[in-house]
Amino acid sequence: MMPNRGARVRAIDETFVRDIFEIEVLIEPALTRWFVGLATKADLNALEDLQARMEDLNFADPHAHSKLDMAFYQVMYERHYNRHAVDLWWRHREIISAISRQFPTSLSRQTSVINEHRGLLNCIESQDADGAAALLPNMLRGQAGISSSTCD
């Protein structure tokens, strides 16, 4: 919305999506590193529960999986002091989710998502903030179909 000019809808093109992913590669590792430093047993239990529910669902319902995935990261980021960064993350995740709904998740990507989350949980449990943060760029690239990695 622009005052006295009305609304303008932003085209979702390759440049727009690239820009979102580049920003996410900067934001999410920082948010994750912070979370690992204050994660509680209750947080880890909540993440484990969400992960188990995603694994039980096994991508049978992509919309339900997406909601569980968002809930997983909300547990991690909801208490962060930088609300602007968290709000930006949330808006970008909603855009990414809307774009990705148009494409089915391949079996190999499904396996990668489960393994990536497991690796992230391992890093959080061992309080390896740098290891957890290092996972995020590869996880985001995997979301974009560029590459993926796990932390054991």
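One can find the structure itself at the top, above this paragraph.
Residues numbered from 1 in each chain as written. Predicted model: local features only at pLDDT ≥ 70, side-chain atom pairs only at ≥ 80, totals over all residues. Heavy atoms only, no water.

Chemist: Can you help me understand the overall build of the protein in this one?
Modeler: Looking only at helices and strands, the protein has 6 helices and 0 strands in total. Counted from the first residue to the last, the protein has its helices and strands arranged as α-α-α-α-α-α. Accessible surface, the protein: about 8,900 Å² in total, of which carbon and sulfur atoms supply 53%. (Helix = DSSP H or I, 4+ residues; strand = E, 2+ residues; numbered from the N terminus. Areas by Shrake-Rupley, 256 points an atom, 1.4 Å probe, with all protein chains shown as cover.)

Chemist: Explanation requested: the packing of helix H2 (residues 41-57) against helix H3 (residues 62-77) in the structure shown.
Modeler: Two packed helices can be described by the angle between their axes and the distance between those axes. Relative to each other, H2 and H3 sit at 165°, their axes nearing to 10 Å. It follows that H2 is roughly antiparallel to H3 by the angle criterion. In this structure, H2 meets H3 at a crossing whose hand is left-handed. Across the interface between the two elements, Asp43, Ala46, Leu47, Leu50, Gln51, Arg53, Met54 and Leu57 of H2 pack against Ala64, His65, Leu68, Asp69, Ala71, Phe72, Val75 and Met76 of H3. Class assignment of the residues belonging to the contact of H2 with H3 gives a composition of 11 nonpolar, 2 polar and 3 charged. (Axes fitted to C-alpha atoms, helices over the stretch in contact; angles between N-to-C directions. Parallel < 35°, antiparallel > 145°, perpendicular 65-115°, else oblique. Left-handed = near helix turned anticlockwise from the far one by under 90°. Contact = heavy atoms within 4.5 Å. Nonpolar A, V, L, I, M, F, W, Y, C, P; charged D, E, K, R; others polar.)

Chemist: Help me understand H2 in this model?
Modeler: The α-helix advances 3.6 residues per turn, and as a result positions three or four apart in sequence lie on the same side. For H2, which comprises 17 residues, the first-to-last C-alpha distance of 24 Å matches the rise-based estimate of 24 Å (1.5 Å per residue) to within 8%. Of the positions making up H2, those classed as buried are Asp43, Leu44, Leu47, Leu50, Gln51 and Met54. Down the axis of H2, the sector holding all buried residues measures 130°, keeping them to one side. Exposed residues on H2 whose side chains face more than 90 degrees from its buried face are Lys41, Ala42 and Asp56. (Expected span 1.5 Å × (residues − 1). Buried < 20%, exposed > 50% of the residue type's maximum accessible area, 1.4 Å probe, protein only. Arc of directions from axis to C-beta.)

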